[in-house]
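Working through the structure, step by step
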Number of protein chains: 2
Amino acid sequence: METIYNFSAGPAMLPKEVLQQAHDEMLDWHGSGMSVMEMSHRGKEFMSIAENAQQDLRELVNIPQHYKILFLQGGASSQFAMVPMNLLRGKTKADYVNTGQWSAKAIEEARRYCTVNVAASSAEIGFIYIPGQNQWHLDPEAAYLHYTSNETIDGVEFQWIPESRDNIPLVVDMSSDILSRPLDITRFGLIYAGAQKNLGPAGLVLVIVREDLLGTPLPGTPTLFDYQVHARNNSMYNTPPTYAIYITGLVFKWLKRQGGLAAMEKINLAKADLLYRSIDSTDFYHCPVAKADRSRMNVPFTLKNPALDDEFLKQAEMNGLLQLKGHRSVGGMRASIYNAMPLKGVEKLVAFMNAFADRYA
Amino acid sequence: METIYNFSAGPAMLPKEVLQQAHDEMLDWHGSGMSVMEMSHRGKEFMSIAENAQQDLRELVNIPQHYKILFLQGGASSQFAMVPMNLLRGKTKADYVNTGQWSAKAIEEARRYCTVNVAASSAEIGFIYIPGQNQWHLDPEAAYLHYTSNETIDGVEFQWIPESRDNIPLVVDMSSDILSRPLDITRFGLIYAGAQKNLGPAGLVLVIVREDLLGTPLPGTPTLFDYQVHARNNSMYNTPPTYAIYITGLVFKWLKRQGGLAAMEKINLAKADLLYRSIDSTDFYHCPVAKADRSRMNVPFTLKNPALDDEFLKQAEMNGLLQLKGHRSVGGMRASIYNAMPLKGVEKLVAFMNAFADRYA
């Protein structure tokens, strides 16, 4: 059958090699006679899978030992509460930068636990750019500074890491661009990322946290929302999402085989450049996002004539180009081109878009 | 290769047919060109998977429409906090029955949110029986009554459903015996069950809740810990653990093909009877649990001579009988024989145990 390219914003494409290996090992992992799904999380087989995943991630990102790697459940949405519940550490305020719909959700949840200072926002003009840091108003009493490195819906992405004041930890929701480029973990207090975009299947959220920030959760924090509990138990306080960890571990190994994060950045840049250049080369398509802040992962665009939207989607699907419909809140189209999307997929999309524009212009 | 029987307490064996189907569909689900792991949770393909899973469960258990079925994350441990955070509904007390280590964990977490009345406990004599309801001391001001229908570690199981006072909802942790026998859902206000024993892979927790109980969470409850949020969004408020829901849906279809819950009860009774009769027939083995309260799912037993434990486990493993080591807190052995364990597996275990006893008695 024809190769399908799936531009879903998440859950999203996984590397073919990873799915092939999962297929091959489904009934019998390494001669154990068991599927990974059937393994006790405390047995030697799964322990080795989890340890390998952690070790491979440490190598890929070069994570020092004083950062803990946690494999948790609940997605990034759980972190919107866990971050304030754990990182306020006696303070009552936190800085948030509002650059899109996911930032806004994080802010809304944080307001249940502290006074949020919105240090900067691009909400008024529809989240189409990222305010430069010289325009931010940070609160000197903030417990931490939170931002969202890539906005899946709005298609804006930080191409730079914000500066944080002395001892104010920088916290980032990196769900949709983690491992898409090299990452200097030492700039951050805490990174979190739902797995279902660049890491693996839904149902897993990765947290990387500097260990000195742990241990003072708000009163009333559920035990499962206390990072320290998970850190002390190496993510095995309760049964972890074992199969999602296994698949994510296979993705880490795949990333290493691709040459690591520097190599991924090159491919991701090539993919994004190709697509944005194509969009910008005609007024048949339009991307509203400021060029300097455009996401390499999620490319939103509109057709000049929205009456053609349905036809565009229908013909795209007939060509094996799936899930291009934009988020319902912004309309138009969106192509999500995470790590697992090969350059070929973007080339095919661009060829289709050019042909469609030629026909209907 | 030789057939393996995996007696893990969870994650645990899954039906071979289910794993075979997951294997066959891994790279291309129903001609979609996608793995289920790659599907947008809001796309038509996954929506049909989730709806089918819900519908099949409704049929299997005969769940009326005023009960909501929720597919959540965080395992049963998340429910230890979610239950009090949602079901206190203005009250400050709750009744708990303490019949094992999982009951005790639920109680410990509930104490963060309310005054727990331990209505009955078998802790003093090591959780080897279930106190009859005539010995329970219920608090007239309790918001709900919580118990654990099967204790995975201690091997005690309720063979009856407790009576609850007027309008006091009965809440049960059914993680390790759900769908192992017919279930009268109308007796309960809320049922929860981690998936990784009788339902599917780790990373999913099933909640079935009477809808009139929802809507008044404690202040400070994280949005993701509010049942009402998930009920209103049909478990799609945030990205659900899609692959775990898919596998669990395959297990529901497998259960229907087996003849449903009445048929499962027959098989489970046969398996448990065979194993307990074998243990009781010799003083080489011993099960400490009172006969009336013995679990059909988790069978703990000890060897008269604990010096033989390692040899027993080693020889069992050589015979393809895996994960028989008892929980570290109780020692000895434990055979978990959930729905997916075929009668043949128990027969093979019993034959091995008899031969081992003959040799070393």
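Residues numbered from 1 in each chain as written. Chains lettered and ligands numbered in written order. Predicted model: local features only at pLDDT ≥ 70, side-chain atom pairs only at ≥ 80, totals over all residues. Heavy atoms only, no water.

Observations regarding the domain arrangement of chain A
All names here are of chain A. As a reminder, the rule being used: Each domain span listed reflects an automatic or database assignment of domains. Throughout, a residue-residue contact means that at least one pair of heavy atoms, one from each residue, lies within 4.5 Å. The term buried area refers to how much accessible surface (probe radius 1.4 Å) is lost by two components on association, counted for both of them together. A pairing counts as a salt bridge when a side-chain nitrogen of Lys or Arg comes within 4 Å of a carboxyl oxygen of Asp or Glu.
Its domain assignment divides chain A into domain 1 (17–257) and domain 2 (259–360). Every contact between the two is made by 29 residues of domain 1 and, on the other side, 26 residues of domain 2. Buried area between domain 1 and domain 2, summed over both chains or domains, comes out near 2100 Å², and the portion from carbon and sulfur atoms is 52%. Counting across the domain 1 and domain 2 interface gives zero salt bridges.

A closer look at the interface of chain B and chain A
Counted only if it meets this: The definition of a polar contact used here is a pair of N or O atoms within 3.5 Å, where within protein one atom must be able to donate a hydrogen and the other to accept one, and adjacent residues in sequence count solely through side-chain atom pairs. Helix and strand definitions here come from DSSP, where helices need a minimum of 4 consecutive H or I residues and strands a minimum of 2 consecutive E residues; each element is numbered from the N-terminal end. Classification convention: Asp, Glu, Lys, Arg as charged; Ala, Val, Leu, Ile, Met, Phe, Trp, Tyr, Cys, Pro as nonpolar; all other residues, Gly among them, as polar.
Listed per partner, the contact involves 65 residues of chain B and 65 residues of chain A. Here chain B packs against chain A, burying approximately 4800 Å² in sum over the two surfaces, 57% of which is carbon and sulfur. For the pair chain B and chain A, the number of links is two salt bridges. A salt bridge links A:Lys44 to B:Glu317; its shortest N-O distance comes to 3.6 Å. Across the chain B-chain A interface, the total number found is 17 residue pairs in polar contact (both at pLDDT 80 or more). Where the side of chain B that touches chain A is concerned, the elements lending two or more residues are helix 1 (16–25), helix 2 (44–61), helix 3 (75–87), helix 4 (101–110) and helix 6 (242–258) of chain B. Each residue belonging to the side of chain B that touches chain A can be placed in one class, and the counts come to 28 nonpolar, 26 polar and 11 charged.

Here we look at the pairing of strand 8 (residues 205–210) of chain B
All names here are of chain B. The condition that has to hold: To sort residues, take the accessible area from a 1.4 Å probe on protein chains only and compare it with the maximum for the residue type: under 20% means buried, over 50% means exposed, and anything in between is partly exposed. Paired strands, as defined in this entry, are two strands with at least two bridges between them according to DSSP.
Of all six residues in strand 8, five are buried, a share of seventy percent or more. When strand 2 (residues 67–72) meets strand 8, the two strands line up antiparallel, connected through six bridges. Across the sheet, residue leucine 72 finds its bridge partner in strand 8, namely valine 205. Relative to strand 8, strand 7 (residues 190–194) runs antiparallel, the two being bridged by five bridges. Bridge pairing in strand 8 links glycine 194 to valine 205.

Considerations on the packing of helix 8 (residues 309–318) of chain A against helix 9 (residues 343–360) of chain A
Residues and elements named next belong to chain A. Under the convention used in this document: Fitted lines through C-alpha atoms give the axes, limited to the stretch in contact for helices. The angle between two N-to-C directions lies from 0 to 180 degrees. Orientation is classified from the angle alone, with under 35 degrees giving roughly parallel, over 145 giving roughly antiparallel, 65 to 115 giving roughly perpendicular, and any other angle giving oblique. Rotating anticlockwise by less than a right angle from the far helix to the near helix defines a left-handed crossing, while the corresponding clockwise rotation defines a right-handed one.
Packing of helix 8 against helix 9 brings their axes to within 11 Å, and their N-to-C directions diverge by 135°. In this view, helix 8 runs oblique relative to helix 9, as classed from their interaxial angle. Taken as a pair, helix 8 and helix 9 cross one another with a handedness that is right-handed. Where helix 8 approaches helix 9, its residues Glu311, Phe312, Gln315 and Ala316 are matched on the opposing element by Phe352, Met353, Phe356, Arg359 and Tyr360. Class assignment for the residues of the contact of helix 8 with helix 9 results in six nonpolar, one polar and two charged.

Examining the sheet that holds strand 2 (residues 67–72) of chain A
What holds strands together in a sheet is hydrogen bonding between their backbones, with the strands either parallel or antiparallel. Residues and elements named next belong to chain A. Pairing is mixed in the open sheet, where seven strands are placed in the order 2-8-7-6-5-3-4. The strands lining the two open edges of the sheet, one partner per strand, are strand 2 and strand 4 (115–121). Each neighbouring strand pair of the sheet contributes to a mean axis angle of 20°, computed without reference to strand direction. Pairing of strand 3 (residues 93–98) with strand 4 involves six bridges; the strand directions are parallel. When the bridges of strand 4 are listed, tyrosine 96 appears paired with valine 118. Strands strand 2, strand 3, strand 6 (170–173), strand 7 (190–194) and strand 8 (205–210) of the sheet are contacted by helix 3 (residues 75–87), whose axis makes an angle of about 160° with strand 7. Strands in contact with helix 4 (residues 101–110) are strand 3, strand 4, strand 5 (145–148) and strand 7; relative to strand 3, the strand with the most contacts, it is inclined by about 160°.

Observations regarding the sheet that holds strand 6 (residues 170–173) of chain B
All names here are of chain B. One open sheet holds the seven strands; their spatial order is 2-8-7-6-5-3-4, and the pairing between them is mixed. In the strand order of this sheet, the two ends are held by strand 2 and strand 4 (115–121), each with one partner. The mean inter-strand angle of the sheet, taken between neighbouring strand axes irrespective of direction, is 20°. Contacts from helix 2 reach strand 2 and strand 8 within the one sheet, and its direction differs from that of strand 2 by about 130°.

Observations concerning the relation of the copies chain B and chain A
The pair of chain copies shares a relation made of a rotation about an axis and a shift along it. Filter applied, for reference: In superposing the copies, a least-squares fit is computed on C-alpha atoms, taking residues whose pLDDT is at least 70 in both.
Overlaying chain B on chain A yields an RMSD of 0.0 Å, the required transformation being a rotation through 180° with an accompanying axial translation of 0.0 Å. In the structure described here, the two chain copies are related by an operation that fits a two-fold rotation axis. For chain B, the residue whose C-alpha comes nearest the rotation axis is B:His23, separated from it by 2.7 Å. Comparing interface residues between copies, 100% of those in chain B also sit at the interface in chain A, which points to an isologous, same-surface contact.

Topic: the environment of B:Met47
Inspection of the secondary structure puts B:Met47 in helix 2. Judged by its relative accessible area of 30%, B:Met47 falls in the partly exposed class.

Considerations on unusual backbone geometry
Residues and elements named next belong to chain A. Following glycine 10, the chain continues into proline 11 via a peptide bond in cis, with omega recorded as -10°. Residue placement: proline 11 occurs in the loop between strand 1 (5–6) and helix 1 (16–25). The backbone phi angle of arginine 89 is positive, close to 45°, even though this residue is not glycine. Within the element layout of this structure, arginine 89 appears in the loop between helix 3 and strand 3.

Side note on the side chain of B:Ser336
Residue and element names in this part refer to chain B. By the secondary structure assignment, serine 336 is in strand 12 (residues 333–336). Classification of serine 336 as buried rests on a relative accessible area of 2%. Among the polar contacts listed, one links the side chain of serine 336 to the side chain of asparagine 298, at a separation of 2.9 Å. Among residues more than four places away in sequence, those in contact with serine 336 are Phe7, Ser8, Ala9, Met297, Asn298 and Met341.

Let's talk about the pattern of salt bridges
Residue and element names in this part refer to chain A. Counted by the stated rule, this structure contains 33 salt bridges over all chains. A salt bridge links glutamate 211 to lysine 68; its shortest N-O distance comes to 3.8 Å. With a gap of 143 residues between them, glutamate 211 in the loop between strand 8 and helix 5 (227–232) and lysine 68 in strand 2 connect regions that are remote in the sequence. Using a relative accessible area of 39% as the deciding quantity, one classes glutamate 211 as partly exposed.

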